[in-house]
Amino acid sequence: MTRRYNGLYAGEHLNKVAFPLGGIGAGMICLEGTGALSHVSLRHHPDILHEPYVYAALSISGDRPLARVLEGPVPLWKAFGNPGTGLGLRERTWGLPRFATASFVARFPFATVTLTDPHIPLTVELTGWSPFIPGDADASSLPVAALEYTFTNNSHHPIDATFSFHAVNFMATRDGGERVEGDEGGFVLYQPGTEEKPWAEGALKAWTNAPGATVNCAWFRGRSSDSKAVVWNEVVSGVPISREPIKEGIPSPGGSLYVPLRVEPGETKQVRLMLAWYVPYSNLRAEPRSDQTSNPPSPLDSTAFYKPWYAAHYNNVNDVAAYFSSAYDNLRKRSQVFIDAFYDTTLPPEVVEAVAANLTILKSPTVLRQTDGRIWGWEGCNDKKGCCAGSCTHVWNYAQALAHLFPELERSLRETEFNEAQTREGRQSFRVLLPIRETPAQYHPAADGQLGGILRVYRDWRISGDTTWLRSLWPKVKASLDFCIEKWDPNRIGVLVEPHHNTYDIEFWGPDGMCGSIYLGALKAFVLMGEALDEDVDSYRELLDKGKRYVEDELFDGEYFLQKVQWKGLRDEETLYQESRNAPITPEVLDLMQREGPRYQYGAGCLADGVIGAWMAEVCGVGEILDNLKVRSHLQALYKYNFRKDLSDHANTYRPTFALGKEGGLLLCTWPKGQKPTIPFYFATEVWTGIEYQVASHMMRLGLVQEGLEIVRTCRNRYDGRVRNPFNEYECGHWYARAMASYALIYGLTGVRYDRVTKTLYIEPTIAGDFRSFLATESGFAIVGVREGQPFIEVRSGSIPVDRTVFVFCRE
């Protein structure tokens, strides 16, 4: 069955759907395509396989009582092959009766599951959501989620039914003291901390505002299977249960709430189930790799470990719940205003889907927000822990969503990079410690990340309009650029020559189009910022001009930009033969290096990131840094050589699961003209979604619209729910930050950008005719586009003062 982009998920396309709910840096619960809850990750680390014994149910009274879990059929891939399935997975709800069919629609941050069953005279819709309001980071960082169950009576008779929700105490940690507490309309699953493990403390509250709700805080105590069987029997009975919390002895295994319903013919009723959680401490601390075990801090020193933003603003789970209850309607309305604006667009549905699907990364455990409000990110998520610490600059380089939707949070990343992560001399670590603190000098810099940070300072300044902020960072931005020049371009020729670390986890030796173009972008951004601050930037402007000539004359082969591998005569030549923990120098390696030079280069290859600096300059508002005809030629070469509609004949010896077999994708590097190194950089044969979006949006910007759209469609076809989760694009971990490059697709097609410094609105589309699209700014969001050949803006939230509009009409 072919699925429409940005449309319904049904049948086999529901297999892997898991939609994140929760706040930015606040933890995550996923709503599956069937209506199940899974991936429960509330303790400041991912827990991807955590699907606790939790379910909502509906029982219908009458001559033949019926009871169903409010979920669709269990995807059968769960039944065998995953950890624990050989023993039958006793701690699952999968054996309980449920609805016959389900379908799923996402309108981020909302997702709706529709359930039907021929034996149930009610149609059920379940809408899950959590607040997401561009420009309001605090409202969007709440540790909450809502599940709205809507019941419509399709029969000619009134229906008496009972809604219920049940959960084992999955907050319990085996440290003792766990309990289930009661409250009006709900229950709390609670685990206290201990002196040795303060981070064990955690609570989740489930409650409803429905009239007549009752709560069972005292499940039957016996074997685990006994309590589950008794709870199900009580569901089937259709009788709401009310039991007080257990004060002594063995604690209750879980909690339940019940809501009696009477639904008249043709009537619709809704039960609002709200969830809030509170885990105020953690044992999460990111250390330098060389200092993982020496002098560990005391677990009692709470300042030595990560604490979430919400712990500084709420005292306990009841505080969070009270606020969510009181602000619910307002938060929902404001989140609805966002989606009404975001989805009020004429852009291709595959583009809308790709952008929205990757906004879920902001609700995943990839992102943390510490008590001072600053963002800190992993690259992605392993199953049980974060993957690759420290807001890695050469990965977050690609991410564009946060800068536009929550500019304040994005600026916090810059402030960390140029303060705690940078030495006085300008050496900037590409990974930051957690809690955020000064990073030891032994953390080495990454050329693409450090230079990209300068481009992003420019972007964030133009988005914020805050020249005072720019001026405060200027001395450190200058130190950063001066360090890069001295370390990688000591002869000031305008390209990076000395070995320079980059996002492929290796060093490129000699000048290359990838890092060289980022260098040019950083130089131009620096010159533009310096001019605005009335600083002397003449020498940097001269270096920019020299670098542009070199890259265009020496690195462009007539079709695409490449790398000139160089190691002899370099200042750091002696480091060529240094071993690393992942790359030993064996006799055969030494023989290869003496013949070919450094390992892990791309040389004459056609690299997907080969002109990424031109893309970064474009999306950051810096403008053209290389001859756009040559850049366009490189992008055409990528489509010709690297884009594959079928990978069946492609050999990938590293990580094949990102794209394989008859799936298509954009390869990171190919060698269409030969001269492939024996051992190129080890990711070269892979497909990464973040780079697919980078290339696709760049193609769109330079008029290769159909080629860019085909890459986007091919990527999203791999994430259609059958094999992969549509809301979890992975690379080095789940919910990989690089995939937020998809946000640049909007700009790629529309050329819409707002400069708050000059209050200028740019509309420079590469799609012909009228269009409508979403725009987020520091002070509000809007619909922007072309109507009857003329530009327009409709502000939907906040304010966006426009003194000047730059409009270039596309006639193609």
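Scroll up to find the structure.
From a predicted model like this one, the values you see are computed outputs, not experimental measurements.

(A) Geometry of the sheet that holds strand β3 (residues 28-32). Pairing is antiparallel across the open sheet formed by 3 strands, whose spatial order is β2-β3-β4. Two strands in the sheet have a free side with no partner beyond their single neighbour: β2 (18-21) and β4 (37-41). With direction set aside, neighbouring strand axes in the sheet form an average angle of 25 degrees.

(B) Molecular detail of the pattern of salt bridges. A full pass over the atoms with the stated rule returns 56 salt bridges. Close ionic contact of R332 with E148 constitutes a salt bridge, the shortest N to O distance being 2.8 Å. Note that R332 is positioned in helix α2 (residues 317-342) and E148 in strand β10 (residues 144-153), a separation of 184 residues in sequence. You can call R332 partly exposed: its relative accessible area is 23%. The exposure class assigned to E148 is buried, which follows from its relative accessible area of 3%. Close ionic contact of K197 with D175 constitutes a salt bridge, the shortest N to O distance being 3.3 Å. Taken as a pair, K197 in the loop between β13 (186-191) and β14 (202-208) and D175 in the loop between β11 (159-168) and β12 (179-183) lie far apart in primary sequence, 22 residues in all. Judged by its relative accessible area of 26%, D175 is partly exposed. Here the residues in one salt-bridge network are E410, R414, E417, R456, R459 and D460, joined through shared partners.

(C) Region of the structure containing the packing of aromatic side chains. Enumeration according to the criterion identifies 48 aromatic pairs in this entry. Seen in terms of ring centroids, F19 and F727 are 5.2 Å apart; in terms of plane orientation they differ by 85 degrees. Their pairing is edge-to-face. Residue F19 is found in strand β2, and its partner F727 is found in the loop between α15 (705-718) and α16 (744-750); the two are separated by 708 residues along the sequence. Taking relative accessible area as the criterion, F727 reaches 5% and is therefore assigned buried. Taking 6.2 Å as the distance between ring centres and 50 degrees as the angle between the ring planes, the aromatic pair formed by Y504 and F508 counts as tilted. Members of the aromatic cluster, each reached through a chain of ring pairs, are Y9, F19, F104, F108, F132, F338, F342, Y343, F406, F727, F774 and F781.

(D) Region of interest: the packing of helix α13 (residues 628-642) against helix α14 (residues 689-701). The interhelical angle for the contact between α13 and α14, taken along N-to-C directions, is 130 degrees, at an axis separation of 10 Å. The pairing of α13 with α14 is recorded here as oblique in orientation. At the point where α13 passes α14, the crossing takes the left-handed sense. Of α14, the residues touching α13 (which contributes V631, L635, L638 and Y639) are V695, H698 and M699. Residues that form the contact of α13 with α14 fall into these classes: 6 nonpolar, 1 polar and no charged.

(E) Here's a closer look at the pairing of β10. The element β10 is largely enclosed, with a buried count of 9 among its 10 residues. Pairing of strand β9 (residues 122-129) with β10, which is carried by 8 bridges, proceeds in the antiparallel orientation. Each bridged residue has a counterpart across the sheet, and for W129 the counterpart in β10 is A146.

(F) Region of interest: the side chain of S697. Here S697 is to be found in helix α14. What S697 contacts, discounting residues up to four positions off in sequence, is W615, A744, L745 and G748.

(G) Inspection of the environment of W567 at higher detail. Relative to the elements of secondary structure, W567 occurs in the loop between α10 (538-554) and α11 (587-596). We classify W567 as buried; its relative accessible area is 16%. Between the C-alpha atoms of W567 and G597, which are 30 residues apart in sequence, the distance is 7.1 Å. Look past the residues within four positions of W567 in its chain and what remains in contact with it is W509, E573, L576, E596, G597 and P598.

(H) Representation of the environment of G516. Looking at the element boundaries, G516 is found in helix α9 (residues 513-532). Linking G516 and S224, residues 292 residues apart in sequence, is a C-alpha distance of 61 Å.

(I) Geometry of the nonpolar core. F104, F163, F165, Y504 and F681 are the most contacted members of the largest nonpolar core, which has 257 residues in total. If near-sequence neighbours (up to four positions away) are discounted, Y504 is found in contact with M514, L607, D609, L668, F681, Y682, F683, W688 and I691.

(J) View of the pairing of strand β8 (residues 110-116). Relative to β8, strand β7 (residues 101-107) runs antiparallel, the two sharing 7 bridges. When the sheet's bridge partners are listed, V105 is paired in β8 with T112. Turn length for the β7-β8 hairpin, with the two strands adjacent in sequence and antiparallel, is 2 residues. Of the strand pairs in this sheet, β8 and β9 are connected by 5 bridges, and their pairing is antiparallel. Directly across from L115, in β9, lies its bridge partner V124. Connecting the antiparallel pair β8 and β9 is a turn made up of 5 residues.

(K) Structural view of the packing of α9 against α10. In the contact formed by α9 and α10, the axes pass within 9 Å of each other and the chain directions differ by 155 degrees. Classified by the angle between their axes, α9 and α10 sit roughly antiparallel to one another. Handedness of the crossing formed by α9 with α10: left-handed. In contact with Y519, L520, L523, K524, F526, V527 and E531 of α9, α10 contributes Y540, R541, L543, L544, G547, K548 and V551.

Definitions and limits used
Going along each chain's sequence as written, the residues are numbered from 1 onward. Only residues with pLDDT of at least 70 are given local features in this predicted model, and only at 80 or more are side-chain atom pairs given and counted; all residues enter the totals for whole chains, interfaces and linings. Side-chain metrics rest on all non-hydrogen atoms present in the structure, leaving aside hydrogens and water. The pairing criterion is simple: DSSP has to find at least two bridges between the two strands. Runs of E in the DSSP output that reach at least two residues are strands. Runs of H or I that reach at least four are helices, and both are numbered from the N terminus. For helices, the axis comes from a line fit to the C-alpha atoms of the stretch in contact; other axes are also lines fit to C-alpha atoms, and the angle between any two N-to-C directions lies between 0 and 180 degrees. Should a side-chain nitrogen of Lys or Arg be within 4 Å of a carboxyl oxygen of Asp or Glu, the pair is scored as a salt bridge. We call a residue buried when its accessible area falls under 20% of the maximum for its residue type, exposed when it is over 50%, and partly exposed in between, using a 1.4 Å probe and counting protein chains only. Within 6.5 Å between ring centres, the rings of Phe, Tyr and Trp (the latter by its six-membered ring) count as paired, and their orientation is classed by plane angle as stacked under 30 degrees, edge-to-face over 60, tilted in between. The cut-offs work like this: below 35 degrees is roughly parallel, past 145 is roughly antiparallel, 65 to 115 is roughly perpendicular, and the gaps in between are oblique. Throughout, a crossing is termed right-handed when the near helix is turned clockwise from the far one, and left-handed when it is turned anticlockwise from it by less than a right angle. Contacts are assigned to residue pairs with any non-hydrogen atoms lying within 4.5 Å of each other. For this classification, Asp, Glu, Lys and Arg are treated as charged, while Ala, Val, Leu, Ile, Met, Phe, Trp, Tyr, Cys and Pro are nonpolar and the rest, including Gly, are polar. Grouping buried Ala, Val, Leu, Ile, Met, Phe, Trp, Tyr and Cys residues that are joined through side-chain atoms within 4.5 Å yields what is termed a nonpolar core.

Any link to function would need more than the numbers given here.
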